[in-house]
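# Examining the three-dimensional arrangement
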Amino acid sequence: MIELEGVPELIDPVMVAAFEGWNDAGDAASTAVAHLDREWKGEVFAALDAEDYYDFQVNRPTVFLENGVRKITWPTTRLSVVRIGGDKPRDLVLVRGIEPSMRWRSFCNELLGFAHELGVEMVVILGALLGDTPHTRPVPVSGVTSDPDLARTMELEETRYEGPTGIVGILQEACTHAGVPAVSLWAAVPHYVSQPPNPKATLALLNRLEDLTGLRIPLGELPEDARAWQLGVDQLAAEDSEVAEYVQTLEEARDTAELPEASGEAIAREFERYLRRRDPGQGPGPGGPGVATESGDTSYLRDPGSGRTRPPKPDPEPQAEPEPRADPEPPEAAGEPGTDDEE
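None of these values were measured; they are calculated from a predicted model.

## Focus: the overall build of the protein
A count of helical and extended segments in the protein gives nine helices and 10 strands. Buried residues in the protein amount to 48% of all 343 residues. Taking all contacts inside the protein whose residues are at least 6 apart in sequence as the whole, residues at least 24 apart take part in 78%. In the structure as shown, the protein presents an accessible area of about 16,700 Å², 49% of it carried by carbon and sulfur atoms.

Quick look at the structure:
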């Protein structure tokens, strides 16, 4: 039994989790949870024992100096709580860590022990995968669950994925077997520009989380960073005619496939999000404008450290778990495509 001390009684808590590694293309998912923790000033109340779950030759500890004293940070998974006020208060339990190297079943059982003790009503796991999706279009985000009833009531997809899986898939199945409602949100990251950060994919995950929970998430500089990121990739593609041609092919395929959604459900979701952001009573964060859209708006790519422009370089290596689908083949200069259907 897990005993929690110093954690207040939570209001309708939802657990939101993300893990660095195979299920985190472009660091989009882990960055989303880090954003929530930073914006809502989360308080860490637990950390899993790193010795139990991590191979330190794979995920090495780091040494740092604090007031002249050498200290070590061990790779682990930490849990924090954020208290969200407003007219409809709802608390979040944030889980952020690295995909464990071993003992995945024990790892999931320990997280579920915390969820049980805290009265968590639903678990939302964020993931990101590489896919054949153009950077110029809204980031596709799939919401999937293993629970047929949950899929029907929350308008989610019931997962049909078969193949290799990561800790996101294992934790979702563990929740299902434990009777805890669980949803996975997957953002598709363009495989031809897969290196982190990807603020556009992070923004898309947070927008989808808003839709799922009804919370109004303060976005800070994410919309600006997403526009800057897109312009940086635009500039990169313009320098290579084969990459530009491949992006155009992806755009045509995407527009043809998603025209019905663009005219209906997606527009309705965006309008609902706009209304939430106009209402100052729906949780913390500044009111007024700043509705996050994933349109083709562009700016410049900023380096957070220096403020200088920094166009990204293509990375041809796919990282996420695949599910085959018929997409156009890219030119050799763009590398092999990934796939974007996940569990």
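## Let's talk about the sheet that holds strand 2 (residues 43-47)
One open sheet holds the eight strands; their spatial order is 2-5-6-1-7-10-8-9, and the pairing between them is mixed. Both outer strands of the open sheet, strand 2 and strand 9 (157-158), are each paired with one neighbouring strand and no more. Bridge count for strand 5 (residues 78-82) against strand 6 (residues 92-98) is five bridges, and the pairing is antiparallel. Across the sheet, residue Arg78 finds its bridge partner in strand 6, namely Arg96. Strand contacts of helix 3 (residues 104-118): strand 1 (14-20), strand 2, strand 5 and strand 6, with the helix running at about 155 degrees to strand 1, the strand carrying the most contacts.

## Details of the nonpolar core
The biggest cluster of nonpolar side chains holds 39 residues, and the ones touching the most others in it are Val16, Leu36, Trp40, Leu92, Val124, Leu126 and Leu185. Secondary-structure elements contributing two or more residues to this core are strand 1, helix 1 (28-39), strand 6, strand 7 (122-131), strand 10 (182-190), helix 6 (199-213) and helix 7 (222-238). Looking at this core, the element that brings in the most residues is helix 6, giving seven residues. Not counting chain neighbours up to four residues away, the residues in contact with Leu185 comprise Val124, Ile125, Leu126, Gly127, Val141, Ser142, Gly143, Leu205, Arg208, Leu209 and Leu212.

## Things to note about the pattern of salt bridges
This structure, assessed with the given rule, holds eight salt bridges. Two residues, Arg152 and Asp149, come together in a salt bridge whose shortest N-O distance is 2.8 Å. Here the residue Arg152 and the residue Asp149 both occupy positions in helix 4 (residues 148-153), the gap between them amounting to three residues, near one helical turn. When salt bridges with common partners are traced through the structure, they connect Arg137, Glu251 and Asp255 into a single cluster.

## Topic: a nonpolar patch on the surface
Taken together, the side chains of Val63, Ile72 and Trp74 make up a nonpolar region of the molecular surface, amounting to roughly 290 Å² of accessible area. Summarising the element assignment, Ile72 is placed in strand 4 (residues 69-73). Classification of Ile72 as partly exposed rests on a relative accessible area of 48%.

## Some words on helix 3
Spanning 15 residues, helix 3 covers 21 Å between terminal C-alpha atoms, matching the ideal 21 Å at 1.5 Å per step. Remark: Gly119 follows helix 3 within two positions and exhibits a positive phi of approximately 75 degrees.

## Focus: the packing of helix 1 against helix 6
At a minimum axis distance of 8 Å, the contact between helix 1 and helix 6 shows a crossing angle of 60 degrees. Relative to helix 6, helix 1 is oriented oblique. Here the hand of the crossing between helix 1 and helix 6 comes out right-handed. In this structure, helix 1 contributes Ala28, Ala29, Thr31, Ala32, His35 and Leu36 to the contact, and helix 6 contributes Ala201, Thr202, Leu205, Leu206 and Leu209. When grouped by side-chain class, the residues that make up the contact of helix 1 with helix 6 number eight nonpolar, three polar and no charged.

## Some points on the pairing of strand 1
Of all seven residues making up strand 1, six are buried, and the element is well covered by its neighbours. Sheet topology places strand 1 next to strand 6; seven bridges connect them, and they run parallel. The residue bridging Ala18 from the neighbouring strand is Arg96, located in strand 6. Bridging between strand 1 and strand 7 involves four bridges; their strand directions are parallel. Counted as the bridge partner of Val14 is Met122 from strand 7.

## Observations regarding the side chain of Ser80
Here Ser80 lies in strand 5. According to the relative accessible area criterion, Ser80 is buried, its value standing at 4%. A distance of 2.8 Å separates polar atoms of two side chains, one belonging to Ser80 and the other to Asp37. Sequence-distant contacts of Ser80, defined by excluding residues within four places in its chain, comprise Asp37, Gly42, Glu43, Val44, Phe45, Leu92, Val93 and Leu94.

Quick notes on the rules
- Residues numbered from 1 in each chain as written.
- Predicted model: local features only at pLDDT ≥ 70, side-chain atom pairs only at ≥ 80, totals over all residues.
- Heavy atoms only, no water.
- Helix = DSSP H or I, 4+ residues; strand = E, 2+ residues; numbered from the N terminus.
- Buried < 20%, exposed > 50% of the residue type's maximum accessible area, 1.4 Å probe, protein only.
- Contact = heavy atoms within 4.5 Å.
- Areas by Shrake-Rupley, 256 points an atom, 1.4 Å probe, with all protein chains shown as cover.
- Pairing = 2+ DSSP bridges.
- Axes fitted to C-alpha atoms, helices over the stretch in contact; angles between N-to-C directions.
- Core = buried A, V, L, I, M, F, W, Y, C linked by side-chain atoms within 4.5 Å.
- Salt bridge = Lys/Arg side-chain N within 4 Å of Asp/Glu carboxyl O.
- Patch = residues over 30% accessible without salt bridge, like charges linked within 9 Å, V, L, I, M, F, W, Y side chains within 5 Å.
- Expected span 1.5 Å × (residues − 1).
- Parallel < 35°, antiparallel > 145°, perpendicular 65-115°, else oblique.
- Left-handed = near helix turned anticlockwise from the far one by under 90°.
- Nonpolar A, V, L, I, M, F, W, Y, C, P; charged D, E, K, R; others polar.
- Polar contact = N/O pair within 3.5 Å; in protein donor to acceptor, adjacent residues only side chain to side chain.

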